[in-house]
Amino acid sequence: MTIAENIVAIGTEISRACRYAMVPEAKPNLIAVSKRQNLEKIIEALDCDHRCFGENRLQEALSRWPELCEQYDGVSLHLIGSLQSNKVADAVRLFDVIQTLDRPKLAHTLAAEMEKQARRPDLYIQVNTGAEPQKGGVMPDGLEALVTLSRDELALPLVGLMSIPPAGDDPTLHFSLLKKLAKRHELPRLSMGMSGDYGLAASLGATDIRVGTAIFGEREV
Ligand SMILES: *Cc1c(COP(=O)(O)O)cnc(C)c1O
């Protein structure tokens, strides 16, 4: 299958999952995760009019997207990997959405940088729903304080939550928890689901689904 065929097939599967589950919202946004994929593959996706992409490392994103964004109109870039405070300026400049806000210090740094650049990418808080020590994301019991700080005190453009369930866990529990948390805090966007579980995520109300290998094939090491 070509990349264009993969994108169509995944979109069809997502629509079907939403229909069966009677998910009332608009069709979820498919984020093509292009990390560690070669440029030819990314261009193939752009040439079939896909415009929404996710990257997890700032350095890699900077190495190709500024140029691609000049060649293709309407690209929307999501940062889905952890963000160090000293790289916030570049991230605010390049990305349209930053999905990995996970600590107070980063919220303060983002607020200062957005003010400075007069540019306000949408923000999602990453929630560590599996409470894994090695993983990014705020622990579920720390979410409320981070929402209050980000949205109410710093007036950041906080719109959603994101989570990466632990490998090997049933993702259903994590997606359900994330949805509950988003509802509690009145955040409309839900970023969940990857190559192995995008249909499930769609059926549980994802608004943004991050798919890499099922679109592009295996990543380069
Ligand atoms: C790499 C990555 C994905 C995509 O994973 P696939 O299994 O290749 O679909 C999704 N979300 C995040 C945060 C990632 O780092």
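Up top is the structure these notes are about.
Because the structure is a prediction, the values reported are computed rather than measured.

1. Quick look at the side chain of Ser-34
Structurally, Ser-34 can be placed in the loop between strand 1 (29-33) and helix 2 (39-47). Assessed through its relative accessible area of 0%, Ser-34 is described here as buried. The contact partners of Ser-34, leaving out residues within four places of it in the chain, are Ile-42, Phe-53, Gly-54, Glu-55, Arg-64, Trp-65 and Phe-216.

2. Points about the site of the ligand
Around the ligand, the structure places Val-33, Lys-35, Ile-80, Ile-164, Met-194, Ser-195, Arg-210, Val-211, Gly-212, Thr-213 and Arg-219. Within the backbone of Gly-212, an N or O atom sits 2.8 Å from an oxygen atom of the ligand. Taking Thr-213, its main chain carries an N or O atom lying 2.8 Å from an oxygen atom of the ligand. Taking 390 Å² as the accessible area of the ligand by itself, protein coverage stands at 90%. Given that more than half its atoms are within 2 Å of the pocket grid, the ligand belongs to the largest pocket. For the shell around the ligand, a count of residues per class yields five nonpolar, three polar and three charged.

3. Considering the packing of helix 2 against helix 3 (residues 58-71)
Helix 3 packs onto helix 2 with a crossing angle of 30 degrees between their chain directions and a minimal axis gap of 12 Å. One way to sum up the angle between helix 2 and helix 3 is to call them roughly parallel. For the pair helix 2 and helix 3, the sense of crossing is right-handed. Touching Leu-39, Ile-42, Ile-43 and Leu-46 of helix 2 are Arg-64, Trp-65 and Leu-68, all from helix 3. Taken together, the residues of the contact of helix 2 with helix 3 sort by class into six nonpolar, no polar and one charged.

4. Quick word on the packing of aromatic side chains
With the rule as written, the count across this model stands at one aromatic pair. Each ring, one from Phe-53 and one from Trp-65, has its centre 4.8 Å from the other, and the planes form 45 degrees; the classification is tilted. Remark: Trp-65 occurs in helix 3 and Phe-53 occurs in strand 2 (residues 52-55); sequence separation between them is 12 residues. Accessibility assignment for this pair places Phe-53 and Trp-65 in one class, buried.

5. Section: the layout of surface pockets
Its volume calculated, the largest pocket comes out at about 240 Å³. Together, 15 residues line the largest pocket, and Val-33, Lys-35, Ile-80, Met-194 and Arg-219 are the ones closest to its centre.

6. Digging into the pairing of strand 2
Going residue by residue along strand 2, you find Cys-52 and Gly-54 tucked away on one face and Phe-53 and Glu-55 tucked away on the opposite face as well. One ladder, built from two bridges, connects strand 1 with strand 2; its direction is parallel. Considered in strand 2, the bridge of Ala-32 is made with Phe-53. For the handedness criterion, the β-α-β arrangement of strand 1, helix 2 and strand 2 is classed as right-handed. As paired strands, strand 2 and strand 3 (residues 76-79) are joined by four bridges and run parallel to one another. Across the sheet, the residue bridging to Cys-52 is Ser-76, located in strand 3.

7. Side note on the packing of helix 5 (residues 104-117) against helix 6 (residues 143-153)
For the pair helix 5 and helix 6, interaxial distance at closest approach is 10 Å and the crossing angle is 10 degrees. When the interaxial angle is binned, helix 5 and helix 6 end up roughly parallel. Along the contact surface, helix 5 presents Pro-104, Ala-107 and His-108, while helix 6 presents Leu-146, Leu-149 and Ser-150.

The rules behind these values
Residues numbered from 1 in each chain as written. Predicted model: local features only at pLDDT ≥ 70, side-chain atom pairs only at ≥ 80, totals over all residues. Heavy atoms only, no water. Helix = DSSP H or I, 4+ residues; strand = E, 2+ residues; numbered from the N terminus. Buried < 20%, exposed > 50% of the residue type's maximum accessible area, 1.4 Å probe, protein only. Contact = heavy atoms within 4.5 Å. Near = heavy atom within 4 Å. Polar contact = N/O pair within 3.5 Å; in protein donor to acceptor, adjacent residues only side chain to side chain. Areas by Shrake-Rupley, 256 points an atom, 1.4 Å probe, with all protein chains shown as cover. 1 Å grid on protein atoms, 1.4 Å probe; cavity = no way out; pocket = protein on both sides within 12 Å on 5 of 7 lines; lining within 4 Å. Sits in = over half its atoms within 2 Å of the grid points. Nonpolar A, V, L, I, M, F, W, Y, C, P; charged D, E, K, R; others polar. Axes fitted to C-alpha atoms, helices over the stretch in contact; angles between N-to-C directions. Parallel < 35°, antiparallel > 145°, perpendicular 65-115°, else oblique. Left-handed = near helix turned anticlockwise from the far one by under 90°. Phe/Tyr/Trp six-rings, centres within 6.5 Å; stacked < 30°, edge-to-face > 60°. Points joined across faces, edges and corners; volume = space filled by probe spheres on them. Pairing = 2+ DSSP bridges. Right-handed = clockwise from strand over helix to strand, strands pointing away.

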